[in-house]
Amino acid sequence: MEGEKRPAPYEGLFADGHLVLWTLCSVLLPVFITFWCSLQRSRRQLHRRDIFRKSKHGWRDTDLFSHPTYCCVCAQHILQGAFCDCCGLRVDEGCLKKADKRFHCKEIMLKNDSKALDAMHHHWIRGNVPLCSYCVVCKQQCGSQPKLCDYRCIWCQKTVHDECMKNSLKNEQCDFGEFKNLIIPPSYLTSINQMRKDKKTDYAVLASKLGKQWTPLIILANSRSGTNMGEGLLGEFRILLNPVQVFDVTKTPPVKALQLCTLLPYYSARVLVCGGDGTVGWVLDAVDEMKIKGQEKYIPQVAVLPLGTGNDLSNTLGWGTGYAGEIPVAQVLRNVMEADGVKLDRWKVQVTNKGYYNLRKLKEFTMNNYFSVGPDALMALNFHAHREKAPSLFSSRILNKAVYLFYGTKDCLVQECKDLNKKVELELDGERVELPNLEGIIVLNIGYWGGGCRLWEGMGDETYPLARHDDGLLEVVGVYGSFHCAQIQVKLANPFRIGQAHTVRLILKCSMMPMQVDGEPWAQGPCTVTITHKTHALMLYFSGEQTDDDISSTSDPEDTKETEALYSASDFQHRRAPRSFEQMKLLRRCTRTETNPGKQQDCVLPEPVCVLLRRVCVHLRPHSLGSAPAKALPTAMNGSGVLTPK
């Protein structure tokens, strides 16, 4: 109708503009807030990094503390902030500068050169004491109140209540607590520095003041091994020891880190390697370089904390199949103090490619665990190739083993390594060996293979003596395929035992075959592989770690006492290095069989060998058992250590 009022065109446009404006605000405002927050966060991170770089503390930031924590400056409860992985100080982000000025971190060296070795006092820090810690004065639990309370010494780890803290405790000399035999005191390094200025090298005089039991420990951890636990372990070791003793091998190579041994008395240093078998081999190569430099007197004994996937070497030495934090770091240090010294054979693997005589290329490796050609090397090669492409996806030990299982199942169907006996020739100590229809050959130096399987001893009625890692002999076995390897690992089958030898020579005549040395795989063309003995490494064996494949259980106190008595008496009389613990178990079994005829079924060796061992034990001549030649094997083997068909 003509009387109706029509809306102006600009009113509709104005309403649409409001809608567009509110839409833009609803979209851009969260973006702006997110951008502003990220900008402020980056500024705070730069500020923290600047403080961390200038500070004497080993600060590390965290988004969430694992247990109730209070700031050591403002005493307020905090959920996130920073902590020092050397002294254990915990502060809020806003209190970092105040904490730097107020609190001192662990001193690697004393400032006053005139201080004596026994003049170091406690270094107390208030609050955040460990759970289940007890006061050294009243013997009651510390840290039970929900506030910043009680004190802890960052060297000896002793704790004391606020009300029990007296002037006498503040001025009391620190004895470095339970791990005083593993800690390098700051005053010792100060004295060493002064002696080097005076051009003196008689460090034994300083060590005598620390006691005969002083065996300083050096930690070499790989922060990238296994489940990436190395970074956290570095901080825990720095809290319990002197930070100068703890190294990350990804930042400080073992060759440089082991030079700390040259500042210690002869034959006193010990090294704990936190990583996989590859990290252990890296450290042992650095030890060999010390021998080349003429530093034999400073060579340390090596223990292992397994962080890798297979960890067969650590399992052989009694340190277990893998560490996942199930025991505290303090218990790991106790195990190192209780460990015994043993020797480990190291072998030289030379790979000579076929070709013109003057153009042959020589590859050389050092073997600690095993060498193999065939299906297990193929699985390792496929795993290694995919891990190089995406290393972040292989940070779980369980996932790594699942990937190995996948490639093993694939090889069962494809059989890429079949007819190996037609492609290779095998020689043991210069004698050629006729091979059956195999897919793989494994040359063993240690008892365990494939993540915890005792390959040489086998199972069932076929009993073979334990494979030793210090007898200068290699055990050579064959497998029929990936499925056969899986059967061996679940104890449903035995490998084909080829024999033992001091030197192994393998000739690959044609085609490409996968090979590996200690888990480092590669594809190899026609070549000649020669394995010879290289040297010995000084290792630490922990007899407290037992596995399902051990010959006897330690639950019988009588057995344990007999083994320890036999071990100590014979080795002490002849001034020789301790033998492997497996050898002493076998010796104990054979000697008890003679004194107790009712336990004849306990003996696992042939009767002639048992008689020999009984005579050895009666006359206390352990040197008669020092080398285990091929003659000690069952009668199915000839004098050269090669199996002959029955």
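Everything numeric here is computed off the predicted structure, so don't read it as measured data. (Residues numbered from 1 in each chain as written. Predicted model: local features only at pLDDT ≥ 70, side-chain atom pairs only at ≥ 80, totals over all residues. Heavy atoms only, no water.)

### Focus on the sheet that holds strand β21 (residues 474-479)
Rule in force here: Paired strands are those between which DSSP finds at least two bridges. Labels follow the DSSP assignment, with helices taken as runs of H or I lasting at least four residues and strands as runs of E lasting at least two, numbered in each case from the N terminus. In this analysis, axes come from line fits to C-alpha atoms, helices being fitted only over the stretch in contact, and the angle between any two N-to-C directions falls in the range 0 to 180 degrees.
Read from one edge to the other, the open sheet built from six strands follows the order β22-β21-β18-β15-β24-β25, with strand pairing classed as antiparallel. Edge positions in the sheet fall to β22 (496-501) and β25 (520-524), since each of these pairs with one other strand and no more. Across the sheet, the mean angle separating the axes of adjacent strands is 15 degrees when strand polarity is ignored. Direction of pairing for strand β18 (residues 440-444) relative to β21: antiparallel, over a ladder of five bridges. If you follow V443 over to β21, its bridge partner there is V476.

### Side note on the packing of aromatic side chains
Note the threshold: A pair of aromatic rings is counted whenever rings of Phe, Tyr or Trp (Trp by its six-membered ring) have centres within 6.5 Å, and the orientation is called stacked for planes under 30 degrees apart, edge-to-face for over 60 and tilted otherwise. With a 1.4 Å probe rolled over the protein chains alone, any residue whose accessible area is under 20% of its type maximum counts as buried; one over 50% counts as exposed, and the rest are partly exposed.
Summed over all chains, the structure comprises six aromatic pairs. For the ring pair W319 and F542, a centre distance of 5.4 Å and an interplane angle of 20 degrees mean the geometry is stacked. On the criterion of sequence distance, the pair formed by W319 in the loop between α9 (312-316) and α10 (329-338) and F542 in the loop between β26 (527-541) and α15 (557-573) is long-range, its members being 223 residues apart. Each of the two residues, W319 as well as F542, counts as buried. Considering the side-chain rings of F365 and W522, the 4.7 Å spacing of their centres and the 20 degrees angle between planes classify their relative orientation as stacked. Residue F365 is found in strand β14 (residues 362-367), and its partner W522 is found in strand β25; the two are separated by 157 residues along the sequence. The class of F365 is partly exposed, set by a relative accessible area of 26%. We classify W522 as buried; its relative accessible area is 11%.

### Details of the UniProt feature "transmembrane region" (unreviewed entry) in the protein chain
The condition is simple: UniProt positions are given in the numbering used here, feature names are shortened, and annotations may be inferred rather than shown by experiment.
Within the UniProt annotation, "transmembrane region" (unreviewed entry) is assigned to residues 20-39. The span residues 20-39 is 100% helix and 0% strand, and its two end C-alpha atoms sit 28 Å from each other.

### Re the packing of helix α6 (residues 230-240) against α10
Basically, it comes down to this: Convention used here: angles under 35 degrees read as roughly parallel, angles over 145 as roughly antiparallel, angles from 65 to 115 as roughly perpendicular, and any remaining angle as oblique. Left-handed is the label given to a crossing in which the near helix is rotated counterclockwise from the far helix by less than a right angle, and right-handed is the label when the rotation is clockwise. Only heavy atoms enter the contact rule, under which two residues are in contact if any of them lie within 4.5 Å. Nonpolar residues are Ala, Val, Leu, Ile, Met, Phe, Trp, Tyr, Cys and Pro. Charged residues are Asp, Glu, Lys and Arg, and all others, Gly as well, are polar.
At a minimum axis distance of 10 Å, the contact between α6 and α10 shows a crossing angle of 70 degrees. In terms of orientation, α6 and α10 fall into the roughly perpendicular class. Remark: the crossing between α6 and α10 carries right-handed chirality. For the pair α6 and α10, contact is made by L233, E236, F237 and L240 and by V329, A330 and L333, respectively. Residue composition of the contact of α6 with α10, by class: six nonpolar, no polar and one charged.

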